[in-house]
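Summary of the model geometry
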Amino acid sequence: MPELPEVEVIRRDLEKEVVGREIRSVEVRNTKNAMRVIRRHRRRRDLEDPLAGATVTAVDRRGKYLVFHLHADADLALVVHLGMSGQLLQSAAGAGYENHTHVVLDLVGGGQLRFVDPRTFGEMFVTTTGEDGEVKELRRLGLDPLEDQLTWQHFSKFLSDHKMKLKSLLMDQRFVAGIGNIYSDEILYLAGLHPSRACDTLSDTEVRRLYRAMQEVLQEAIRHRGTSADDEQYRDLYGAAGDHRSFLQVYQREGQPCRRCRTAIERGRWSNRSTYFCPKCQV
DNA sequence: GTTTAACCCTGCACGC
DNA sequence: TGCGTGCAGGGTTAAA
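Computed from a prediction, not measured in an experiment: that's the story for all the values here.

A short note on helix 6 (residues 181-191)
- Where burial is concerned, most of helix 6 is hidden: ten out of the eleven residues are buried.
- Contacts made by the buried residues of helix 6 are with helix 1 (4-17), helix 5 (166-171), helix 7 (204-223) and strand 10 (273-277).
- Directly beyond the C-terminal end of helix 6, a positive phi value near 70° is found at glycine 192.

Structure representation (structure tokens):
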């Protein structure tokens, strides 16, 4: 499940490969679930028509969403969420389609950008941007953990205002956008905090530790080009897996010794999501 | 305000 | 070998 680091790796790849390029045409293919992928639109052409002839001027990231800014008749944006199993792949125009290739963008000058998604939790839609360049559909998202606006003070205030469990808060996209199941576990481990601790019980030192851990874990994962774990279908733009898997401290390590204290890593379940943690190091 | 569960979907592991 | 079942997960929504 691509989270912030994986989406950021793809964004950086896209910046190199598609910014400045014109989209010749778009095809929403006749796959079983293509209409689910473009579920915000009623018809295929609602996505296809506005994109044809548009030039990609920039590719941004908002949490786990990719935003392609487009120069066309109006200020348009193509928004992509990879869900759990979505991939955005650069391909040669003649190459055979992988299973579950739902949308194909044909680029002027050769090459294609393909959206592949077996489980179809991902989505794609076209929308207009406001004067501030923002996408209205993404306004509810919280701040980006790696951007300057998320100051330590802002972070601390948000925590003290909530009684939720830390795990739930880290994964709440309205608080900080981009953290999912893997990195919430890794962040809490590095910070030495138990996933079920209530947010408003943290000391100043613990808040600082969590804030720092969040940045360190995400940056480190980006350096390793993301995590492709057991059930992970994550691939970068070129189809390559990420290298961060072997650096994971707790995620999917149930029963294995903690890298700090050798206690067996435990797995719990909160809100229907698996959570891995060290029962000794995390308090 | 917070938690929990259900829903959407496919691939995979497992047991029979 | 083949079938049925359960599980995994992100985001959203409804109910508790």
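Examining the protein's contact with DNA strand C
- Lining the immediate environment of DNA strand C, one finds 15 residues, of which Met84, Phe121, Arg140, Arg267 and Arg273 sit closest.
- In the model, a phosphate oxygen of DNA strand C is placed 2.9 Å from a nitrogen or oxygen of the histidine 81 side chain.
- Between arginine 267 and DNA strand C, the recorded distance is 2.4 Å, taken from a side-chain N or O atom to a phosphate oxygen.
- For the surface near DNA strand C, the secondary structure elements donating two or more residues are strand 9 (266-270) and strand 10.
- When grouped by side-chain class, the residues that make up the surface near DNA strand C number five nonpolar, four polar and six charged.

Things to note about the sheet that holds strand 2 (residues 55-62)
- Ordered in space as 2-3-4-8, the four strands form an open sheet in which the pairing is antiparallel. Taken across any chain shown, the strands that pair with only one partner, and hence form the sheet edges, are strand 2 and strand 8 (123-128). Sheet twist, expressed as the mean angle between neighbouring strand axes with direction ignored, is 20°.
- Pairing between strand 4 (residues 75-81) and strand 8: six bridges, direction antiparallel.

So, the domain arrangement of chain A
- Domain annotation of chain A identifies domain 1 (4-138) and domain 2 (152-277).
- Of note, the centres of domain 1 and domain 2, computed from C-alpha atoms alone, are 28 Å apart.
- In this assembly, 21 residues from domain 1 lie in contact with 20 residues from domain 2.
- Together domain 1 and domain 2 conceal approximately 1800 Å² of surface at their shared face, both sides included; 61% is due to carbon and sulfur atoms.
- Among the residues domain 1 hides against domain 2, the three largest losses belong to Pro5, Glu6 and Val9. Together they make up 28% of the total.

Quick notes on unusual backbone geometry
- One non-glycine residue, threonine 120, lies in the positive phi region at around 50°.
- Within the secondary structure layout, threonine 120 lies in the loop between strand 7 (112-116) and strand 8.
- The buried category is assigned to threonine 120, whose relative accessible area is 4%.
- You will see that arginine 262, though not glycine, has its phi angle at about 70°, which is positive.
- By the secondary structure assignment, arginine 262 is in the loop between helix 7 and strand 9.

Quick look at a positive patch on the surface
- On the surface, Arg208, Arg209, Arg212 and Arg260 cluster together into a patch of positive charge.
- Here arginine 260 is to be found in the loop between helix 7 and strand 9.

Some thoughts on the nonpolar core
- Ranked by internal contacts, the top residues of the largest apolar core, which has 72 residues, are Leu14, Phe68, Leu78 and Leu210.
- Among the elements that make up this core, the one with the highest residue count is helix 7 (nine residues).
- Structurally, this core is a two-domain feature, drawing no fewer than three residues from each of domain 1 (4-138) and domain 2 (152-277).
- Within the second largest apolar cluster, nine residues are counted, among which are Ala77, Val79, Phe125 and Leu138.

Remarks on the packing of aromatic side chains
- The tally for this structure, following the rule as stated, stands at four aromatic pairs.
- On the numbers, 5.7 Å between centres and 25° between planes, the contact of phenylalanine 155 with phenylalanine 175 is stacked. One end of the pair, phenylalanine 155, is in helix 4 (residues 152-160); the other, phenylalanine 175, is in the loop between helix 5 and helix 6, with 20 residues separating them in the sequence.
- Assessed through its relative accessible area of 0%, phenylalanine 155 is described here as buried.

What counts and what doesn't
Residues numbered from 1 in each chain as written. Chains lettered and ligands numbered in written order. Predicted model: local features only at pLDDT ≥ 70, side-chain atom pairs only at ≥ 80, totals over all residues. Heavy atoms only, no water. Buried < 20%, exposed > 50% of the residue type's maximum accessible area, 1.4 Å probe, protein only. Helix = DSSP H or I, 4+ residues; strand = E, 2+ residues; numbered from the N terminus. Contact = heavy atoms within 4.5 Å. Near = heavy atom within 4 Å. Polar contact = N/O pair within 3.5 Å; in protein donor to acceptor, adjacent residues only side chain to side chain. Nonpolar A, V, L, I, M, F, W, Y, C, P; charged D, E, K, R; others polar. Pairing = 2+ DSSP bridges. Axes fitted to C-alpha atoms, helices over the stretch in contact; angles between N-to-C directions. Domains from an automatic or database assignment. Buried area = accessible area lost by both parts, 1.4 Å probe. Patch = residues over 30% accessible without salt bridge, like charges linked within 9 Å, V, L, I, M, F, W, Y side chains within 5 Å. Areas by Shrake-Rupley, 256 points an atom, 1.4 Å probe, with all protein chains shown as cover. Salt bridge = Lys/Arg side-chain N within 4 Å of Asp/Glu carboxyl O. Lys, Arg positive; Asp, Glu negative; His and termini not counted. Charge placed at Lys NZ, Arg CZ, Asp CG, Glu CD. Core = buried A, V, L, I, M, F, W, Y, C linked by side-chain atoms within 4.5 Å. Phe/Tyr/Trp six-rings, centres within 6.5 Å; stacked < 30°, edge-to-face > 60°.

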